[in-house]
Amino acid sequence: MQIEHAAMYVNDLEGAKEFFVRYFEARANGGYYNVKTGFRSYFLSFDGGARLEIMTRPALKEGEKGPLQTGLSHIAFQVGSEEEVRALTERLRADGFQLLSGPRTTGDGYYESCVAGFEGVQVEITA
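Report on the accompanying structure. (Residues numbered from 1 in each chain as written. Predicted model: local features only at pLDDT ≥ 70, side-chain atom pairs only at ≥ 80, totals over all residues. Heavy atoms only, no water.)

**Things to note about the nonpolar core**
- Counting 24 residues, the largest nonpolar core has Phe 19, Phe 20, Phe 24, Leu 44, Phe 46, Ile 54 and Leu 92 as its most contacted members.
- In terms of residue count, helix 1 (residues 13-24) provides more of this core than any other element does, six residues in total.
- Residues contacting Ile 54, with those up to four places away along its chain left out, are Met 8, Leu 13, Ala 16, Lys 17, Phe 20, Arg 40, Ser 41, Tyr 42 and Leu 44. (Core = buried A, V, L, I, M, F, W, Y, C linked by side-chain atoms within 4.5 Å. Buried < 20%, exposed > 50% of the residue type's maximum accessible area, 1.4 Å probe, protein only. Helix = DSSP H or I, 4+ residues; strand = E, 2+ residues; numbered from the N terminus. Contact = heavy atoms within 4.5 Å.)

Pasting the structure below:
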């Protein structure tokens, strides 16, 4: 058994798609639109088979986002090497995304950084 995909609601669907395409090499499908509900979505595919569905619809409720809350915590991308972790982290920081931690080696042996990505979603970048 495997996870088929994860999904997240966003306010700015096109901006979210661009974020994952620009920084994490996502490939987006053509999108979906339900005219009755206003629901829109894209499936983003990544190397290795992982998929992320990003969705929006009118009247989304905005909740407070914080690092210590129940529910899904973050999304992590493995980029290959410590140098690639540092380079992507710096690129995101230079483009205005907040660095939350790292790059560093964690207590469980991961080399990673964490940024507050698009719409505040926590994104870990690992070697």
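**Quick look at the pattern of salt bridges**
- Counted according to the given criterion, the structure contains seven salt bridges.
- Here Glu 82 ties to Arg 86 by a salt bridge, and the two come within 3.9 Å at their closest N and O atoms. A residue pair is termed a helical-turn pair when its members lie 3 or 4 positions apart in one helix, as Glu 82 and Arg 86 do in helix 2 (residues 82-94) at four residues.
- Judged by relative accessible area, Glu 82 falls into the partly exposed class, the value being 40%.
- Taking relative accessible area as the criterion, Arg 86 reaches 36% and is therefore assigned partly exposed.
- Across the salt bridge formed by Arg 86 and Glu 83, the nearest N and O atoms sit 3.2 Å from each other. Of this pair, Arg 86 and Glu 83 both sit in helix 2, three residues apart, which is roughly one turn of that helix.
- Judged by its relative accessible area of 48%, Glu 83 falls in the partly exposed class.
- Among the charged side chains, a salt-bridge network with shared partners connects Glu 82, Glu 83 and Arg 86. (Salt bridge = Lys/Arg side-chain N within 4 Å of Asp/Glu carboxyl O.)

**So, unusual backbone geometry**
- Looking along the chain, the bond that leaves Gly 102 and enters Pro 103 is cis, with omega of 0°.
- Turning to its location among the elements, Pro 103 is positioned in strand 7 (residues 98-105).
- Of note in the backbone geometry, Ala 59 takes a positive phi value of approximately 65° without being a glycine.
- Looking at the secondary structure, you find Ala 59 in the loop between strand 5 (51-56) and strand 6 (75-78).
- On the accessibility criterion, Ala 59 (77% relative accessible area) is exposed.

**Re the sheet that holds strand 8 (residues 111-116)**
- As summarised here, the arrangement of the four strands in space is 6-9-8-7, forming an open sheet in which the pairing is mixed. Sheet topology places strand 6 and strand 7 at the edges, where each strand pairs with a single neighbour. If you compare each strand with its neighbour and ignore which way they point, the axes differ by 15° on average.
- Pairing between strand 8 and strand 9 (residues 122-126): five bridges, direction antiparallel. Bridge pairing in strand 9 links Glu 112 to Thr 126.
- Contacts from helix 2 reach strand 7, strand 8 and strand 9 within the one sheet, and its direction differs from that of strand 8 by about 15°. (Pairing = 2+ DSSP bridges. Axes fitted to C-alpha atoms, helices over the stretch in contact; angles between N-to-C directions.)

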